[in-house]
Amino acid sequence: MNSIAQRLKHILTQIRAGERAYNRQPGSVLLLAVSKTKPAEDIAAAYQAGQRHFGENYLQEALKKQQELGSYDISWHFIGPIQSNKTKALATHFAWVHSVDSLKIAQRLSAQRPPHLPPLNICLQVNISEEASKSGISLDELPQLCEQIAKLPNLRLRGVMAIPAPQHDIEQQRQPYKKLYQAVAQLGQVGLDTFSFGMTGDLEAAIAEGSTIVRIGTALFGER
Ligand SMILES: *Cc1c(COP(=O)(O)O)cnc(C)c1O
C-alpha cells in the first residue's frame, strides 16, 4: 500500500490538474485532509509531508488529537454536525467551522469565540440535494441567513459547504454544485470567497464547479 506521503502527493497532483483542466487559478483549491477516525500518527505523517489543514467531524476525538499534536502548526477545521452544547469548544479550538446550519449556532459561536483569537471562519452548510436525512439549510434560507450571520462580530462568514447525494457520473455530480455556486454569486454579498465542495468521490466535479476547499479523507488516509 502507498504511504500517506505518496497519496498526498498524488491528490495534490490531481487538484493542480483539475485547476488547469477547468481554467481555475493555479493554487486556488485548498486541500483539507479529513482525518476523522484516523490516529494522530496519520495526521503527523501528512504534516511531515507538508499538509497543514485538517478536518475533523467529532469534537471529543478532535480535541484528543489536538492535544497529542500540540506543537504542530495545524489549521483545524470542524466539518461535522454541531450540537449547541459543543459550540464553546468549537469556538475555542478551531480556525474554521464548515457545518453551521442555523442562526442560533452562529450566534453562540460568535459569542463564545475567545477575544484573543481572530474571527472564526465559517461556512453555511446547504442541503443542496434536499435530502430529508441530511443536515444543512435549504437554498431558500440562504440569503436571509447570510445577511444575519454576516453581522455577527466574531465570525467571518466565508461561504458555503455542501455534501450532495452521491452520484457516479461526473455530469450529475456537477449539477448541485453549479446550482449552489450560482445562488451564492447572485447574493452579491461581499467577502464570500469559499466553496467547500468535493470529497474523494467527486473531487473533479467539485473543482469544475468552483470549489476552493476539497475535503478528502479516504483517498489520503484509506478506508474508514
Ligand atoms: C468524512 C467526510 C469527508 C471525507 O470524505 P471521503 O469520501 O472519505 O473523502 C468530507 N466531508 C465531510 C463533511 C465528511 O464527513
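Located above this text is the structure these notes cover.
As a convention, each chain's residues are numbered from 1 in the sequence order in which they are written. Totals for whole chains, interfaces and linings use all residues, but because this is a predicted model, local features are given only for residues with pLDDT of at least 70 and pairs of side-chain atoms are given and counted only at 80 or more. Excluded from the side-chain calculation are hydrogens and water; included are all heavy atoms of the structure.

## As for the overall build of the protein
Comment: elements are numbered from the N terminus, with helices defined as DSSP H or I runs of at least four residues and strands as E runs of at least two. When you go through the protein residue by residue, the secondary structure sums to nine helices and eight strands. The globule rule used for comparison is 2.2 Å times the number of residues to the exponent 0.38, while the radius of gyration itself is calculated over C-alpha atoms. What you see for the protein is a C-alpha radius of gyration of 17 Å, in line with the 17 Å of a compact globule of 224 residues. Taking the principal axes of its C-alpha atoms as reference, the protein extends roughly 45 × 40 × 30 Å. Residue exposure (1.4 Å probe, protein chains only): buried if accessible area is under 20% of the type maximum, exposed if over 50%, otherwise partly exposed. By the burial criterion, 49% of the 224 residues in the protein qualify as buried. By sequence separation, contacts in the protein at least 24 residues apart represent 58% of the contacts at least 6 residues apart. The charge count includes Lys and Arg as positive and Asp and Glu as negative, but it does not include His or the ends of the chains. Every charge is mapped to an atom, namely NZ of Lys, CZ of Arg, CG of Asp or CD of Glu. The average position of the 24 basic charges and that of the 20 acidic charges among the side chains of the protein differ by 5 Å. Any two residues having at least one pair of non-hydrogen atoms within 4.5 Å are treated as being in contact.

## A look at the pattern of salt bridges
When the charged atoms of two side chains lie near each other, side chains of opposite charge can form a pair. The term salt bridge refers to a pairing of a side-chain nitrogen on Lys or Arg with a carboxyl oxygen on Asp or Glu at a separation within 4 Å. Throughout the structure, instances matching the rule amount to seven salt bridges. Ionic pairing is found between glutamate 68 and lysine 64, a salt bridge with its closest N-O pair at 3.4 Å. One end of the pair is glutamate 68 and the other is lysine 64, both in helix α3 (residues 59-68) and four residues apart, which spans about a single turn. Note on lysine 64: relative accessible area 54%, which makes it exposed.

## So, helix α1 (residues 4-21)
Expected helix span is given by 1.5 Å per residue-to-residue step, counting one fewer step than there are residues. The end-to-end C-alpha distance of α1, which contains 18 residues, comes to 25 Å, matching closely the 26 Å that a straight helix rising 1.5 Å per residue would cover. Listed as buried for α1 are Ile4, Arg7, Leu8, Ile11, Ile15, Gly18 and Glu19. All buried residues of α1 fall inside an arc of 120° around its axis, so they share one side. In this structure, α1 carries Lys9, His10, Arg20 and Ala21 as exposed residues pointing more than 90 degrees from its buried face. On its buried face, α1 sits against β1 (30-34), α2 (40-48), α8 (203-208), β8 (213-216) and α9 (218-221). Directly after α1, the chain includes asparagine 23, whose backbone phi takes a positive value near 55°. Read the arc as the range of directions from the helix axis to the C-beta atoms.

## What about the packing of aromatic side chains?
What describes a pair of aromatic rings is the distance from one ring centre to the other and the angle between the planes of the rings. Here a Phe, Tyr or Trp ring, Trp counted by its six-membered ring, pairs with any other such ring whose centre lies within 6.5 Å, and the pair is stacked when the planes are under 30 degrees apart, edge-to-face when over 60, and tilted otherwise. A full pass over the atoms with the stated rule returns six aromatic pairs. Plain terms: the ring middles of phenylalanine 54 and tryptophan 76 are 6.3 Å apart, the flat faces sit at 45° to each other, and that makes the pair tilted. Here phenylalanine 54, found in strand β2 (residues 53-56), pairs with tryptophan 76, found in strand β3 (residues 75-78); they are 22 residues apart in sequence, far enough to count as distant. This pair shows no difference in class: phenylalanine 54 is buried, exactly as tryptophan 76 is. Among the aromatic residues, ring-to-ring pairing joins Tyr177, Tyr181, Phe195 and Phe197 into one connected group. Charges are assigned to positions over rings by a cutoff of 6 Å between ring centre and Lys NZ or Arg CZ, combined with an angular limit of 35 degrees from the ring normal. The ring of tyrosine 47 is capped by arginine 52, whose NZ or CZ atom sits 3.6 Å from the centre of that ring.

## Comments concerning the nonpolar core
The biggest cluster of nonpolar side chains holds 58 residues, and the ones touching the most others in it are Phe54, Val100, Leu124, Leu142, Ile149 and Leu180. Per-element tally for this core: the top contributor is α2, with five residues. Apart from residues no more than four positions distant in its own chain, phenylalanine 54 is found in contact with Leu32, Ala33, Ser35, Ile43, Ala46, Tyr47, Ile74, Ser75, Trp76, His77 and Phe221. Definition of nonpolar core: a set of buried residues of the types Ala, Val, Leu, Ile, Met, Phe, Trp, Tyr and Cys, connected through side-chain atoms within 4.5 Å. Within the second largest apolar cluster, seven residues are counted, among which are Leu32, Val34, Trp96 and Cys123.

## Side note on the site of the ligand
We define proximity as follows: a residue is near a molecule or strand when any one of its heavy atoms falls within 4 Å of that partner. Around the ligand sit Val34, Lys36, Asn57, Ile79, Ile163, Met199, Thr200, Arg215, Ile216, Gly217, Thr218 and Arg224, and those are all the residues in its vicinity. By the criterion applied in these results, polar contacts are pairs of N or O atoms within 3.5 Å in which, for protein atoms, one can donate a hydrogen and the other can accept it, and in which residues neighboring in sequence qualify only through two side-chain atoms. Contacts to the ligand include threonine 218, whose side-chain N or O atom sits 2.5 Å from an oxygen atom. For the area figures, the Shrake-Rupley method with a 1.4 Å probe applies, and any residue is considered shielded solely by the protein chains shown. Within the complex, the protein chains bury 89% of what would otherwise be the 390 Å² of accessible surface of the ligand. Under the scheme applied, nonpolar residues are Ala, Val, Leu, Ile, Met, Phe, Trp, Tyr, Cys and Pro; charged residues are Asp, Glu, Lys and Arg; polar residues are all the others, including Gly. Considering only residue class, the shell around the ligand consists of five nonpolar, four polar and three charged.

## Describing the pairing of strand β4 (residues 96-100)
Taking burial as the measure, the five residues of β4 include five buried ones, the bulk of the element. Relative to β4, β3 is paired through two bridges, and the arrangement is parallel. From the neighbouring strand, histidine 77 faces β4, where its bridge partner is tryptophan 96. Here the term right-handed applies to a crossover when the path leading from its first strand over the helix to its second strand runs clockwise, the strands being oriented away from the viewer. Handedness of the crossover joining β3 and β4 through helix α4 (residues 87-93) is recorded here as right-handed. When DSSP finds two or more bridges between two strands, those strands count as paired. Here three bridges tie β4 to strand β5 (residues 120-126), and the two strands are oriented parallel to one another. Bridge pairing links tryptophan 96 to asparagine 121 in β5.

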